[in-house]
Amino acid sequence: MGLKRRVSFGAILLCCLIVSTHGIASGQQKFRIGYADPLTGTFGRDGNLVKDAYNFWAELINAKGGIEVKGKRYPVELTVIDDKSNAAENAKFTEKLITEDKVDLILGGFGSDSVFAGSAVAEKYRYPLISGAASSNKLFERGFKYYFSTLGKATEEVRGCVDIVQILSPKPRTGAIIGSDILFTSLAAEGFKKYAAQDGIEIVHFELFPITLQDYNSILIKVKQKNPDLLFVGSHLMVAMKTVQGMKEIDFSPKMVAFSYGPTVPDFIKNLGKDSEYVVAASEWAPNLPYQDPLFGTARQFNENYFKKYGRTPDYVEAASAAGAYAMQVALEKLGIAPPVKEEDRVRLMEELHRQNLMTFYGVVQFGADGANEAHPPVAVQVQKGKLVNVFPKKAAEAAPWYPMKPWKER
Amino acid sequence: MTLLPITICLLIVPLAGFSGYLVRLLAMIFLWVGKAGCWNILSGMTGYIDFGAVGYYGIGSYATALLMSKAHAPFLVSVLVSGLVSALIALPIGLPTLRLRGAYFGIATLAFAEAMKQIILEFDKTAGVRFFEGPHGITLPIGPGNEFFYYFGFGVMVVVIAMTYWIRRSKFGYALRAVREAEQAAELAGVDTLSAKVKAYMISAFFLGLIGGIETYWLTYITPHMVFDVLITIQMVVMSLLGGMGTVFGPAVGASFLTVLYELFHRDFPYTYTILVGFIIVVVVLLMPKGIVGTLRKR
Amino acid sequence: MLLFLQSLINGILLGGIYASYSAGFSLIFGVMGVINIFHGEMVMLGAFLTYWLFTLFHIDPFLTLPLSFFLLFVFGYLVQRFVIHRVVEAPPMISYILTFGIHLIIAYSALWVWTADFRAVTTSYSGLNATIGGVIIPYARLATFGLALIVVAGLYFLLKKTETGRAIQAAAQDKEMARLMGVNITRTYALTFGIGAAVTGVAGSLISTYFIIFPQMGLSYTIMAFCVVVLGGMGYIPGTLWGGLILGVVQSLIATYLNAGLSGALTFILLFIVLIVRPAGIAGKGIVD
């Protein structure tokens with residue numbers, strides 16, 4: 001009968017599945033590191049930056065033969081799975097990497113939503129997870145021991161964009177804050193608010209909108225009418241692009257517009273062309289800061305080598321991600337952990353990471369009890385003549401900020 | 001029946017030392033069979049294509065998340081309450097919507113699910129409270145391992161399949177089929193079609209809510225975007241369609257096939273999987289509209 | 001007052017945009033009862049066609065419109081003729097599932113080939129606007145509004161005043177009778193679908209000049225088209241203008257005076273209520289199953 005045949009087919013399929021999922025033992029002379037990362041979807045572009053950063057690190061260390069443990073070198077093999085900008089998928093793939101692929105170690109992908117979900121799985125299986133691309137405060141409020149971030153907290157990350165008012169002249173007095181309603185961007189908006197208060201900027205409008213909102217103009221005209229000197233936006237790439245487009249369409253030219261994230265992704269300038277000029281964005285790193293380490297060299301060398309490999313300079317998320325991978329490498333070397341990495345090794349790794357106080361090309365990496373990196377001096381960058389330039393603070397600055405923003409009609 | 005040895009095998013899998021991944025995969029399949037089966041109970045049987053089924057899944061997810069994280073309620077209580085809440089909400093929604101025909105019903109149910117998502121996203125901000133946590137999502141305490149969800153999923157799947165079987169053989173099921181084949185004639189003959197439709201809708205909603213609760217506990221973190229995702233409804237539709245709408249084992253076949261296909265392709269060829277699903281749908285609709293089970297049965 | 005006017009104008013223009021890409025959807029449903037779930041993909045295809053022509057060959061977006069019209073017409077005609085036509089006699093649910101499958105194929109093939117990157121067509125005149133009495137009117141959106149009017153008027157003229165249009169209407173009203181009168185149903189349906197696809201593609205082309213585009217954008221446009229057409233009345237072409245305008249204005253005003261999040265929630269709640277209370281749409285002229 002048809003049904004019986006159906007069910008038998010299912011049983012055969014099941015058997016095939018069981019057979020195929022039995023682990024294939026491979027030569028254990030390398031470190032197998034896996035991570036789930038958005039390579040497509042809303043954060044696809046942003047997630048690809050993280051992948052580039054990890055690949056950059058892996059190639060550098062493999063060029064030396066691999067991570068050195070007790071005199072022997074073990075190359076690194078990276079495995080990435082696309083979570084399609086979906087947090088539930090990230091959790092699933094992280095679990096797959098751990099339980100099925102049995103990777104030695106896990107790294108974090110891009111974005112607070114994905115990392116939030118993935119790190120919960122990592123915590124369950126006691127795999128330390130270092131991310132350089134997620135900073136929502138909530139990530140650190142879960143009492144996790146195995147979650148680490150080379151980025152500081154979202155609310156602190158945006159500080160540079162606000163503190164910059166200290167060197168702007170004439171000093172702006174009012175500001176408006178908008179942002180999409182997801183984890184990172186809403187926290188970034190909170191951060192803007194906090195520092196605006198500290199820097200004496202009066203916030204005349206604060207609004208979060210759904211990430212799925214199609215038309216920004218109806219909000220922007222509201223903000224324009226209140227005539228703020230500054231506009232702060234909690235954003236990722238897509239929101240940032242849409243905001244600039246909308247601002248031009250309704251002829252809204254505040255004296256400065258700053259984004260929590262987006263402009264540092266190459267697509268921003270590529271797609272918007274001249275419209276991207278004057279835009280300011282938050283950053284945690286600058287290539288002319290006096291940082292260095294034995295693997296990447298100085299911050300400037302990292303910047304140049306990255307450009308040589310990828311044809312573009314890295315944004316701070318890429319720097320933070322590479323630094324995170326490096327922090328893990330250093331901890332492994334110090335503890336003398338060789339592959340295949342066992343559970344108790346990972347527990348020791350977690351403890352070591354908490355103790356670590358490491359100088360890297362990215363700056364100090366020192367994870368607090370909650371996993372967050374001690375705050376780096378926040379930096380602000382600006383698009384000037386089609387390139388991103390550090391404009392704040394003075395010691396990291398490559399150029400003075402262009403202020404005020406030239407109104408659209410005058411460009 | 002071949003069902004018995006299979007059931008026994010499935011029950012033993014987690015204890016037989018198979019990889020954790022297999023346990024997880026099977027658990028996922030069970031839960032998808034459950035979800036597709038719920039959709040099948042309403043849409044498969046009556047022909048009313050529900051595009052908003054995920055609404056109840058999401059309601060159930062949130063009910064469990066809130067109960068377990070804020071009220072520290074035990075799991076069992078939470079998921080049962082989730083099912084009940086979903087079923088209760090299904091009543092006032094179902095009554096007006098199930099009077100609509102065809103396309104309008106589909107759009108209305110879709111609008112319902114989207115509206116639920118938006119409401120949960122905006123409620124806290126609008127009412128000035130901290131309850132649903134909007135886009136930030138809710139975190140649950142880390143729960144038990146995959147075996148727990150394996151057995152729970154298995155149990156729910158069995159219940160849904162049994163329910164489908166029982167409904168099909170009952171007078172209630174007959175009424176539902178009458179709705180699908182010739183609704184107006186049935187009404188003229190005195191069948192209370194609205195009551196039958198609403199009942200099916202509520203049963204479907206109950207189990208969807210329950211499954212939502214189970215999966216929330218498994219995932220430990222939910223946001224409105226995750227649990228009200230229209231793609232979840234779509235998967236349910238395709239699984240039932242492929243397996244055979246209105247049949248008892250159709251959803252099981254469809255869910256198993258698609259989930260395995262997904263696992264095989266998804267990682268290395270993410271787009272290929274979806275494009276394949278698209279082709280499967282086109283082929284099934286054009287050549288095998290009764291689905292796999294339905295077509296095999298006819299021979 | 002100025003804020004109100006600005007928000008209102010914004011809403012009207014937005015409504016025009018909605019109407020421009022929803023008219024085709026209404027036409028297709030009105031004539032053959034097909035709910036086309038890959039409708040949004042036609043917007044996407046038109047948008048990407050313009051994007052690539054602009055990016056690779058520096059052809060101005062407005063010059064790509066005729067090509068967009070033609071190519072999408074051919075696409076729509078062929079898909080209807082060889083795939084959808086097979087299920088035109090079957091219950092409507094079959095057509096949604098079929099068109100849903102086609103949606104997956106098109107959207108994910110596009111994703112595979114073009115990647116998920118967000119793109120924008122930024123010309124030297126992008127974002128340019130006129131200021132009338134203090135109210136800003138972006139040109140590109142105004143052009144789309146104009147297109148909506150042209151499309152609606154054009155379709156209306158086509159249906160009422162031309163031989164082909166009358167054949168389409170006949171096929172819509174009573175297929176069997178039309179067939180008996182010598183109307184080639186197969187060709188008429190394919191033609192209708194082609195026209196619906198063509199106008200939608202052109203709307204997509206224009207949209208690429210002020211909205212970000214990406215391969216998966218289609219579904220949200222399809223959903224919006226549903227909303228517009230339900231409000232305006234399914235199958236009633238002039239209704240798409242009303243449906244679009246109402247939605248656009250309501251969304252804009254709510255976003256400006258309350259908050260943007262509510263505009264989303266209210267759109268769906270409004271849709272839900274209209275379906276229950278007045279399924280034939282605002283003007284009451286829509287087709288109710």
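Parameters and conventions
- Residues numbered from 1 in each chain as written.
- Chains lettered and ligands numbered in written order.
- Predicted model: local features only at pLDDT ≥ 70, side-chain atom pairs only at ≥ 80, totals over all residues.
- Heavy atoms only, no water.
- Helix = DSSP H or I, 4+ residues; strand = E, 2+ residues; numbered from the N terminus.
- Rg over C-alpha atoms; globule rule 2.2 N^0.38 Å.
- Buried < 20%, exposed > 50% of the residue type's maximum accessible area, 1.4 Å probe, protein only.
- Contact = heavy atoms within 4.5 Å.
- Areas by Shrake-Rupley, 256 points an atom, 1.4 Å probe, with all protein chains shown as cover.
- Axes fitted to C-alpha atoms, helices over the stretch in contact; angles between N-to-C directions.
- Parallel < 35°, antiparallel > 145°, perpendicular 65-115°, else oblique.
- Left-handed = near helix turned anticlockwise from the far one by under 90°.
- Core = buried A, V, L, I, M, F, W, Y, C linked by side-chain atoms within 4.5 Å.
- Expected span 1.5 Å × (residues − 1).
- Buried area = accessible area lost by both parts, 1.4 Å probe.
- Salt bridge = Lys/Arg side-chain N within 4 Å of Asp/Glu carboxyl O.
- Polar contact = N/O pair within 3.5 Å; in protein donor to acceptor, adjacent residues only side chain to side chain.
- Phe/Tyr/Trp six-rings, centres within 6.5 Å; stacked < 30°, edge-to-face > 60°.
- Lys NZ or Arg CZ within 6 Å of the ring centre and 35° of its normal.
- Pairing = 2+ DSSP bridges.
- Patch = residues over 30% accessible without salt bridge, like charges linked within 9 Å, V, L, I, M, F, W, Y side chains within 5 Å.
- Nonpolar A, V, L, I, M, F, W, Y, C, P; charged D, E, K, R; others polar.

A. Broad picture of the overall build of chain A. In terms of helices and strands, chain A carries 13 helices and 18 strands. Here the C-alpha atoms of chain A give a radius of gyration of 23 Å, agreeing with the 22 Å that 2.2 N^0.38 yields for 411 residues. In terms of its C-alpha atoms, chain A occupies a principal-axis envelope of roughly 70 × 65 × 40 Å. Relative to its 411 residues, chain A shows a buried fraction of 66%. At a minimum sequence separation of 6, the contacts of chain A that also span at least 24 residues come to 69%. Per element, the accessible surface of chain A, about 13,900 Å² overall, is 53% carbon and sulfur.

B. Local environment of helix α8 (residues 217-225) of chain A. In terms of residue burial, α8(A) counts as a mostly covered element, since seven of its nine residues are buried. Positive backbone phi, approximately 55 degrees, marks N227(A), located one or two places after α8(A).

C. View of the packing of helix α2 (residues 44-63) of chain A against helix α12 (residues 316-335) of chain A. Residue and element names in this part refer to chain A. Two elements in contact, α2 and α12, have axes whose closest approach is 8 Å; the angle formed by their N-to-C orientations is 40 degrees. Relative to α12, the element α2 is oriented oblique. Remark: the crossing between α2 and α12 carries right-handed chirality. Contacts between α2 and α12 pair L49, V50, D52, A53, Y54, W57 and I61 from the former with V317, E318, S321, A322, A325, Y326 and Q329 from the latter.

D. Fine view of unusual backbone geometry. Residues and elements named next belong to chain A. Cis geometry is found at the peptide bond from S169 to P170, where omega equals 0 degrees. Residue placement: P170 occurs in the loop between α6 (159-163) and β8 (174-180). Cis peptide bonds are those with omega within 30 degrees of zero, and the linkage from F392 to P393 qualifies with -5 degrees. By the element assignment, P393 lies in the segment after β18 (387-392).

E. Here's a closer look at the nonpolar core. F31(A) and W57(A) are the most contacted members of the largest nonpolar core, which has 333 residues in total. When residues in this core are grouped by element, the largest group, 18 residues, is from helix α2 (residues 20-46) of chain B. Grouped together as the second largest cluster of nonpolar side chains are 25 residues, V158(A), L230(A), A380(A) and Y403(A) included.

F. How the structure looks around helix α11 (residues 260-277) of chain C. Here α11(C) spans 26 Å end to end across 18 residues, near enough to the 26 Å set by a 1.5 Å rise per residue. Tucked into the core, α11(C) has its buried residues touching β9 (202-209) and α8 of chain A, α4 (75-97) and α5 (102-127) of chain B together with α9 (218-232) and α10 (237-257) of chain C.

G. Layout of the interface of chain C and chain A. Contacts between the two partners involve 32 residues from chain C and, on the opposite side, 31 residues from chain A. Together chain C and chain A conceal approximately 2,700 Å² of surface at their shared face, both sides included; 55% is due to carbon and sulfur atoms. Of all residues in chain C, L3(C), F118(C) and I212(C) give up the largest surface area on contact with chain A, accounting jointly for 22% of the area buried on that side. Between chain C and chain A we count three salt bridges in total. Its salt-bridge partner being D215(A), residue R141(C) comes within 2.8 Å of it at the nearest N-O pair. Taken together, the connections running from chain C to chain A amount to 15 residue pairs in polar contact (both at pLDDT 80 or more). Contributing elements (two or more residues each) for the side of chain C that touches chain A: α1 (2-32), β1 (129-132), β2 (135-138), α10 and α11 of chain C.

H. Structural context of the packing of aromatic side chains. Residues and elements named next belong to chain A. Throughout the structure, instances matching the rule amount to 54 aromatic pairs over all chains. Pairing Y306 with Y310 gives two aromatic rings, centres 4.9 Å apart and planes at 50 degrees, and the pair type is tilted. You can see Y306 and its partner Y310 sitting in helix α11 (residues 299-310), four residues apart, about one turn around the helix. One aromatic cluster is present, built from ring pairs that chain together F56, W285, F296, F302, Y306, Y310, Y326 and F361. The residue whose ring lies beneath K92 is F93, and the NZ or CZ to ring-centre distance is 5.3 Å. Between the NZ or CZ atom of R312 and the centre of the ring of Y310, over which it lies, the distance is 5.4 Å.

I. Representation of the sheet that holds strand β5 (residues 105-107) of chain A within the structure. All names here are of chain A. If you walk across this open sheet you meet the five strands as β4-β1-β5-β6-β7, and the pairing is parallel. Each having just a single partner strand, β4 (76-82) and β7 (147-149) make up the two edges of the open sheet. Ignoring which end each strand starts from, the neighbouring axes of this sheet average 25 degrees apart. In the sheet, strand β1 (residues 31-37) pairs with β5 via two bridges, with the strands oriented parallel. In the sheet register, G34 faces β5, and the bridge partner there is I106. The sheet strands contacting α2 are β1, β4, β5 and β6 (129-131), and the helix crosses β4 at an angle near 170 degrees. Here helix α4 (residues 112-125) sits on the sheet and contacts β6 and β7; the angle it forms with β6, its principal contact strand, is near 160 degrees.

J. Representation of a nonpolar patch on the surface. All names here are of chain C. Nonpolar side chains collect at one region of the surface, where M1, L2, F4, L5, Y257 and L258 lie side by side and expose about 610 Å² of accessible area between them. Per element, the largest residue contribution to the nonpolar patch is three residues, and it comes from α1. When you line up the elements, M1 lands in the segment before α1. On the accessibility criterion, M1 (72% relative accessible area) is exposed.

K. Layout of the packing of helix α6 (residues 146-169) of chain B against helix α8 (residues 193-219) of chain B. Residues and elements named next belong to chain B. Interaxial distance between α6 and α8 falls to 11 Å at its minimum, and their mutual angle equals 170 degrees. If you check the angle between α6 and α8, you find them roughly antiparallel. Counting all contacts with α6, which are made through N146, F148, F149, F152, V156, V159, V160, M163 and I167, the residues of α8 involved are I203, F207, L210, I211, I214, Y217 and W218. Split by residue class, the contact of α6 with α8 holds 15 nonpolar, one polar and no charged.

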